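# Observations on chain architecture
Single-letter residue listing:
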Number of protein chains: 4
Amino acid sequence: MAKHTLLMEGPDAKGLIFHVTSVLFNNECNILRQDEYVSPNGWFFMRTEFVSADDFDTQKVLVDLRVKVPSEEIQFRLNTQKKKDIVLLCTKEHHCLSEILIRYAFEELNANVLAVVSNYNTLQPFVSKFGIPFHYVSAEDKTREEHEVAVLKTLDIYNPELLVLAKYMRILSPDFVSKYSNKIVNIHHSFLPAFIGANPYKQAYERGVKVIGATAHFVNNHLDEGPIIAQDTREVDHRYSAADMARDGRDVEKMVLIKALKLVLDDRVFIFGNRTVIL
Amino acid sequence: MAKHTLLMEGPDAKGLIFHVTSVLFNNECNILRQDEYVSPNGWFFMRTEFVSADDFDTQKVLVDLRVKVPSEEIQFRLNTQKKKDIVLLCTKEHHCLSEILIRYAFEELNANVLAVVSNYNTLQPFVSKFGIPFHYVSAEDKTREEHEVAVLKTLDIYNPELLVLAKYMRILSPDFVSKYSNKIVNIHHSFLPAFIGANPYKQAYERGVKVIGATAHFVNNHLDEGPIIAQDTREVDHRYSAADMARDGRDVEKMVLIKALKLVLDDRVFIFGNRTVIL
Amino acid sequence: MAKHTLLMEGPDAKGLIFHVTSVLFNNECNILRQDEYVSPNGWFFMRTEFVSADDFDTQKVLVDLRVKVPSEEIQFRLNTQKKKDIVLLCTKEHHCLSEILIRYAFEELNANVLAVVSNYNTLQPFVSKFGIPFHYVSAEDKTREEHEVAVLKTLDIYNPELLVLAKYMRILSPDFVSKYSNKIVNIHHSFLPAFIGANPYKQAYERGVKVIGATAHFVNNHLDEGPIIAQDTREVDHRYSAADMARDGRDVEKMVLIKALKLVLDDRVFIFGNRTVIL
Amino acid sequence: MAKHTLLMEGPDAKGLIFHVTSVLFNNECNILRQDEYVSPNGWFFMRTEFVSADDFDTQKVLVDLRVKVPSEEIQFRLNTQKKKDIVLLCTKEHHCLSEILIRYAFEELNANVLAVVSNYNTLQPFVSKFGIPFHYVSAEDKTREEHEVAVLKTLDIYNPELLVLAKYMRILSPDFVSKYSNKIVNIHHSFLPAFIGANPYKQAYERGVKVIGATAHFVNNHLDEGPIIAQDTREVDHRYSAADMARDGRDVEKMVLIKALKLVLDDRVFIFGNRTVIL
């Protein structure tokens with residue numbers, strides 16, 4: 001018996017759920033969980049978790065689905081559950097990186113952490129405790145383009161399915177991003193869209209906010225503007241300096257990043273324009 | 001075009017979703033939202049919101065469903081959306097009652113509030129502002145049984161589909177409860193199962209808790225032990241007296257009760273043993 | 001025995017707490033609660049709640065304080081606890097207004113609600129239930145200036161110590177604001193500084209946020225930029241339309257406004273540049 | 001310039017704040033932050049953070065304080081800020097232990113982690129990465145008394161000021177507890193007093209709760225009944241199995257334990273009967 005996830009999206013039409021459940025029924029599958037969403041402008045999303053017999057034939061099921069749902073506008077992705085290959089990028093701060101590495105070390109993530117890449121070597125000794133390759137790709141004496149080329153070359157060694165920016169404090173060029181389109185997850189240390197850009201805690205302090213936050217999102221070409229996956233907030237008061245906000249904010253950041261990462265690793269996130277649908 | 005909700009539950013079997021979507025498809029209905037849940041011991045729950053053409057035939061659809069799903073163990077409830085008739089019971093505290101009445105007055109609830117019944121007349125002047133019948137059924141000089149008979153007689157006037165105990169500070173007898181089986185929603189002023197029974201804030205204060213809470217639940221024969229619909233919590237600190245906890249707790253209570261009430265009024269709650277499934 | 005609140009602020013100096021506690025000690029007062037805060041740039045804030053004998057002489061204590069703390073840069077405000085006179089401004093939405101009126105009706109606020117002023121008469125029937133004067137000051141056929149003059153004239157009748165904008169959907173001119181400097185509390189339906197200005201829920205929906213919020217703040221000359229008193233947030237997901245966000249957001253708005261209002265009415269809020277210190 | 005914390009408690013009396021601030025003023029100290037609390041039954045607590053000149057004389061200040069406040073019922077504790085020596089006890093689960101070790105490794109805790117003691121050797125390889133002594137004290141073939149003697153003997157090597165039970169799954173005898181009276185912090189995996197004892201997530205699942213929680217508390221002779229330091233909660237729904245609750249609950253547990261631990265390490269917690277006062 002094997003477990004599978006079928007992701008489906010496209011223009012809504014009468015009978016879509018019926019057709020999919022019919023194909024799965026005829027292929028001796030039992031649905032464990034099925035969630036749908038139809039956007040106000042008529043885009044249909046469905047995630048179906050199901051179990052099959054051992055002789056499950058992925059290609060046959062995909063063909064059967066296409067026969068019943070001939071419109072090429074409707075996409076199917078059928079994943080037999082397996083761990084995704086990921087690479088982590090970081091700079092000097094450890095809190096997001098260590099949260100991921102600890103969970104990886106204790107096999108709590110649906111991922112293989114292949115390597116850590118950093119523009120500083122600060123965290124090398126820490127990462128080495130976990131037996132994971134650490135690539136120090138300094139940006140010194142390099143143009144942004146040269147640095148990105150060097151990073152991309154390092155990433156090529158691993159061919160990751162997902163990049164996680166675990167407090168990687170450099171802005172990626174559109175070129176870089178396009179090479180990992182919809183495959184880069186970032187954690188931003190504010191409650192977006194408040195405090196876009198540099199020093200969000202300093203901005204938050206100066207505005208005198210009573211709540212701080214963090215945002216995990218996919219990266220697109222515009223800084224801090226990609227589709228949001230998860231956000232959370234925490235109360236602060238007038239006693240908090242910008243540094244205090246940063247200190248407590250780190251706890252929010254790491255927990256929000258982990259939440260988003262788990263959703264992505266479990267195939268629960270659809271990207272829909274500049275938004276996410278999470279089923 | 002009309003909007004409907006189909007609730008279905010019973011032993012899980014291969015093809016249930018397929019059969020239901022097939023019947024709806026063949027009856028020219030379009031599904032807006034469908035949510036399922038299968039319990040670990042194999043009980044299947046599904047809630048389907050759909051729109052039909054104007055000539056929708058409820059009886060025909062129910063017959064079609066039974067043909068496809070012949071097992072009598074599987075129950076269907078098909079509701080064309082309409083407001084439920086409810087009666088509110090209260091004692092002296094206003095906060096839950098006023099929250100419901102205000103929302104009712106501004107047509108924000110999927111309910112008709114038919115009447116308020118109370119063992120005190122304290123809130124009569126307030127309720128009268130809203131043009132809702134107020135029945136003062138004093139418990140003085142009455143046995144518990146006599147009082148309940150009087151209350152039940154008053155309820156009989158209205159034949160409500162749901163009773164809401166909006167801080168009704170009397171314990172209902174099993175006899176009373178059995179007459180409104182699975183139709184009574186209560187708000188308890190603690191985070192159940194902590195602090196069952198009387199004076200929960202006093203108990204919470206004495207235990208030195210750092211968080212207080214409230215619980216909305218269906219009422220069964222055991223005090224504060226029916227299926228939980230919604231819970232929420234709020235931080236407190238050592239400066240809170242039991243009275244301070246009660247004061248802030250009231251805000252939690254009213255918001256939790258409203259949350260639970262909306263779920264029940266929108267046909268989103270299944271009772272499953274001593275638990276609820278909310279789809 | 002009477003209860004008092006002493007608010008004090010000014011440049012920090014050694015011995016300030018000592019001097020104040022010394023004066024209160026010598027005047028036979030007992031401190032119930034004392035909270036201080038010193039800002040990073042050396043501004044000292046202190047709030048002292050204390051009880052006195054019945055023959056307490058406010059003027060004598062203020063003179064004694066000034067003798068011990070001669071610097072005129074340091075301000076003292078000594079309030080014997082009493083209810084503040086407030087006027088509420090609203091437009092068409094009831095949720096903030098009704099929350100305040102209900103609490104006022106049940107004597108849960110440290111305030112006298114003198115009147116409600118609105119640019120629409122929508123809520124007049126509701127307000128009249130509470131026996132509070134309702135002034136309908138239409139903005140139709142008036143310039144902004146003319147409308148504000150009319151509103152100010154109405155306010156003059158009541159001479160309120162505080163104005164509460166309970167979803168008053170008009171922008172106040174700097175002239176208006178200057179007449180009630182630091183005396184206007186507004187509720188904004190977003191987590192400021194995100195989504196300043198009109199239609200914040202539409203903005204939030206389009207950005208695809210996973211958390212919405214509300215902000216209560218003092219009003220200054222720049223739209224949505226005055227000192228923040230309280231904020232709170234609530235989770236949303238992709239199923240929320242902008243209208244759904246607005247519906248659930250209303251619950252956050254009213255609870256945040258009540259929280260801020262209570263803090264202001266209890267003399268717990270200092271304005272410090274564009275920030276608040278809450279003791 | 002040195003930083004100090006003065007903790008004071010005892011029966012309330014007029015002038016206590018005045019006397020303390022007077023002594024500090026006369027000893028050339030400047031108060032950074034001072035917080036007080038008086039319990040309803042008249043017990044006074046105060047925490048004062050202050051800076052002194054380098055030639056600060058602790059003994060002289062304590063003598064000066066006693067002269068002004070002669071009542072022996074009033075206790076003073078004057079700590080010049082330094083890291084506390086702690087030992088961690090664990091069993092097989094890593095999440096609380098790893099959270100503490102990571103923060104210790106990056107110097108984010110006001111503590112020296114001297115050693116880890118465990119009744120299993122499961123976490124030895126992990127702990128060894130951090131260069132901290134790991135003592136495996138098996139309970140096999142030992143009575144509870146024998147095991148505790150062995151643990152106490154190990155602890156004697158380190159003479160810790162605080163023991164942290166980081167998911168140490170054994171119940172301590174009153175004898176053991178009395179040796180570290182008010183010096184043991186435990187994390188319990190439920191929102192106490194709900195679900196005291198074994199398998200709280202199983203209990204929570206069976207009760208059908210909609211919110212789970214965790215509680216950090218000092219240990220006294222009664223299981224799960226010592227003074228609570230911190231609590232937090234998280235929403236769950238009907239889809240959560242007991243195992244799912246345990247999985248998500250671990251995130252709450254580790255963050256609550258860290259919060260409590262920081263408060264204790266920063267000398268912010270007073271024990272007051274079975275409650276805590278946190279200033």
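Predicted model, so just to flag it, every value in this text is computed and none were measured.

## Quick look at the packing of aromatic side chains
Taken as a whole and judged by the stated rule, the model has 36 aromatic pairs over all chains. Between Phe18 of chain C and Phe25 of chain D the ring centres are 5.2 Å apart and the planes differ by 25 degrees, which places this aromatic pair in the stacked class. Taken together, the positions of Phe18 of chain C in helix H1 (residues 16–26) and Phe25 of chain D in helix H1 (residues 16–26) put the pair across two chains. Judged by its relative accessible area of 13%, Phe18 of chain C falls in the buried class. Taken together, the ring pairs in this structure connect Phe18 and Phe25 of chain A together with Phe18 and Phe25 of chain B into an aromatic cluster. The ring of Tyr120 of chain D carries the charged tip of Lys92 of chain D above its face, separated from the ring centre by 4.4 Å.

## A word on the state of the cysteines
Linking two cysteines covalently via their sulfur atoms produces the bond known as a disulfide. Per the stated rule, a full pass over the model turns up zero disulfides over all chains. Considering cysteine sulfurs only, Cys90 of chain B is the nearest to Cys96 of chain B, which forms no disulfide, with 10 Å between them.

## Notes on the relation of the copies chain B and chain A
Superposition record for chain B on chain A: RMSD 0.0 Å, screw rotation 180 degrees, translation along axis 0.0 Å. When the rotation and shift are considered jointly, the pair of chain copies conforms to a two-fold rotation axis. Judged by C-alpha distance, Phe18 of chain B is the residue of chain B that lies nearest the rotation axis, at 2.8 Å. Interface overlap between copies is the fraction of interface residues in one copy that are interface residues in the other; for chain B against chain A it reaches 95%, indicating a shared surface.

## Quick notes on the interface of chain B and chain D
The partner chain D presents 35 residues to the 35 residues of chain B that form the contact. For the pair chain B and chain D, the summed buried surface comes to about 3,000 Å²; carbon and sulfur atoms form 52% of the total. On the chain B side of the interface with chain D, the three residues burying the most area are Arg207, His238 and Arg275 of chain B, jointly 25% of the side's total. Connecting chain B to chain D are zero salt bridges. Scanning the region where chain B abuts chain D turns up 19 residue pairs in polar contact (both at pLDDT 80 or more). Contributing elements (two or more residues each) for the side of chain B that touches chain D: strand S2 (30–38), helix H7 (200–207), strand S11 (228–235) and strand S13 (275–278) of chain B. Top element by residues in the side of chain B that touches chain D is S11 of chain B. It accounts for seven residues. The residue inventory of the side of chain B that touches chain D, partitioned by class, reads 17 nonpolar, seven polar and 11 charged.

## Considerations on the pairing of strand S1 (residues 2–11) of chain C
All names here are of chain C. The buried count for S1 comes to seven of 10 residues, which makes it a mostly enclosed element. Here S1 pairs with strand S3 (residues 43–52) via 10 bridges, running antiparallel. If you follow Met8 over to S3, its bridge partner there is Met46. As judged from the six bridges shared by S1 and strand S4 (residues 75–80), these two strands associate in the antiparallel manner. Bridging across to S4, Leu7 finds its partner in Arg77.

## With respect to the domain arrangement of chain A
Residue and element names in this part refer to chain A. Taken as a whole, chain A is organised into domain 1 (2–80) and domain 2 (84–278). Each partner contributes residues to the interface: domain 1 has 14 residues there, and domain 2 has six residues. Surface buried jointly by domain 1 and domain 2 totals about 840 Å² across both partners, of which 64% is contributed by carbon and sulfur atoms. Interface area lost by domain 1 to domain 2 is led by Leu7, Phe45 and Arg47, which between them contribute 50%. Applying the counting rule to domain 1 against domain 2 returns zero salt bridges.

## What about the interface of chain B and chain A?
Contacts between the two partners involve 19 residues from chain B, matched on the other side by 18 residues from chain A. For the pair chain B and chain A, the summed buried area comes to about 1,500 Å², and 58% of that belongs to carbon and sulfur atoms. The three residues of chain B that bury the most area against chain A are Lys14, Phe18 and Phe25 of chain B, which together make up 40% of that side's buried surface. Where chain B touches chain A, the interface holds zero salt bridges. For the pair chain B and chain A, the number of links is two residue pairs in polar contact (both at pLDDT 80 or more). When residues of the side of chain B that touches chain A are traced back to their parent elements, those giving at least two are helix H1 (16–26) and S2 of chain B.

## Focus: the sheet that holds strand S10 (residues 211–218) of chain A
All names here are of chain A. Spatial ordering of the open sheet is given by S7-S6-S5-S8-S9-S10-S11, a layout of seven strands whose pairing is mixed. A single partner strand is all that each edge strand has here, and the edge strands are strand S7 (134–136) and strand S11 (228–235). Here the strands of the sheet are splayed against their neighbours by 20 degrees on average, with no regard to which way each runs. The pairing of strand S5 (residues 84–90) with strand S8 (residues 162–165) spans four bridges and is parallel. Note on S8: the bridge partner recorded for Leu88 is Val164. Packed on one face of the sheet, helix H3 (residues 95–105) meets S5, strand S6 (111–118), S8 and strand S9 (184–188) and runs near 150 degrees to S6. Most of the contacts of helix H8 (residues 242–265) go to S11, to which it runs at about 150 degrees, and overall it touches S5, S6, S8, S9, S10 and S11.

## Remarks on a nonpolar patch on the surface
Together, Ile171, Ile196 and Leu223 of chain A line one region of the surface with nonpolar side chains, adding up to about 250 Å² of accessible area. Assignment of secondary structure puts Ile196 of chain A in the loop between S9 and helix H7 (200–207).

## Quick notes on the sheet that holds strand S7 (residues 134–136) of chain D
Residue and element names in this part refer to chain D. Reading across from one edge, S7-S6-S5-S8-S9-S10-S11 is the order of the seven strands in this open sheet, with mixed pairing throughout. The open sheet terminates on both sides in strands that have one partner only, identified here as S7 and strand S11 (228–235). Within the sheet, the average angular offset between the axes of one strand and its neighbour, ignoring direction, is 20 degrees.

## Some remarks on a negative patch on the surface
Taken together, the side chains of Asp232 of chain A, Asp232 of chain B, Glu235 and Asp237 of chain C together with Glu235 and Asp237 of chain D define an acidic patch exposed on the protein surface. By the secondary structure assignment, Asp237 of chain C is in the loop between strand S11 (228–235) and helix H8 (242–265). Its relative accessible area of 33% is what places Asp237 of chain C among the partly exposed residues.

## Quick notes on helix H5 (residues 144–158) of chain C
Quick reminder: α-helices carry 3.6 residues per turn. Residues three or four places apart thus point the same way. Residues and elements named next belong to chain C. Here H5 contains 15 residues, and its C-alpha end-to-end distance of 22 Å stays within 8% of the 21 Å for a straight helix at 1.5 Å per residue. Of the surrounding secondary structure, the elements contacted by the buried residues of H5 are strand S5 (84–90), strand S6 (111–118), strand S7 (134–136), strand S8 (162–165) and helix H6 (174–179). Just beyond H5, the residue with positive phi is Asn159, at close to 50 degrees.

## Focus on the packing of H3 of chain A against H8 of chain A
Residues and elements named next belong to chain A. The N-to-C vectors of H3 and H8 enclose an angle of 45 degrees; their axes lie 9 Å apart at closest approach. As summarised for this structure, H3 and H8 are arranged oblique, according to the angle between their axes. The interaxial crossing formed by H3 with H8 has right-handed handedness. Contact residues: His95, Cys96, Glu99, Ile100 and Arg103 in H3; Arg250, Glu253, Lys254, Met255, Leu257, Ile258, Leu261 and Lys262 in H8. Here the contact of H3 with H8 is composed, by residue class, of six nonpolar, one polar and six charged.

Calculation criteria
Residues numbered from 1 in each chain as written. Chains lettered and ligands numbered in written order. Predicted model: local features only at pLDDT ≥ 70, side-chain atom pairs only at ≥ 80, totals over all residues. Heavy atoms only, no water. Phe/Tyr/Trp six-rings, centres within 6.5 Å; stacked < 30°, edge-to-face > 60°. Helix = DSSP H or I, 4+ residues; strand = E, 2+ residues; numbered from the N terminus. Buried < 20%, exposed > 50% of the residue type's maximum accessible area, 1.4 Å probe, protein only. Lys NZ or Arg CZ within 6 Å of the ring centre and 35° of its normal. Disulfide = S-S within 2.5 Å. Least-squares fit on C-alpha atoms with pLDDT ≥ 70 in both. Contact = heavy atoms within 4.5 Å. Buried area = accessible area lost by both parts, 1.4 Å probe. Salt bridge = Lys/Arg side-chain N within 4 Å of Asp/Glu carboxyl O. Polar contact = N/O pair within 3.5 Å; in protein donor to acceptor, adjacent residues only side chain to side chain. Nonpolar A, V, L, I, M, F, W, Y, C, P; charged D, E, K, R; others polar. Pairing = 2+ DSSP bridges. Domains from an automatic or database assignment. Axes fitted to C-alpha atoms, helices over the stretch in contact; angles between N-to-C directions. Patch = residues over 30% accessible without salt bridge, like charges linked within 9 Å, V, L, I, M, F, W, Y side chains within 5 Å. Areas by Shrake-Rupley, 256 points an atom, 1.4 Å probe, with all protein chains shown as cover. Lys, Arg positive; Asp, Glu negative; His and termini not counted. Charge placed at Lys NZ, Arg CZ, Asp CG, Glu CD. Expected span 1.5 Å × (residues − 1). Parallel < 35°, antiparallel > 145°, perpendicular 65-115°, else oblique. Left-handed = near helix turned anticlockwise from the far one by under 90°.

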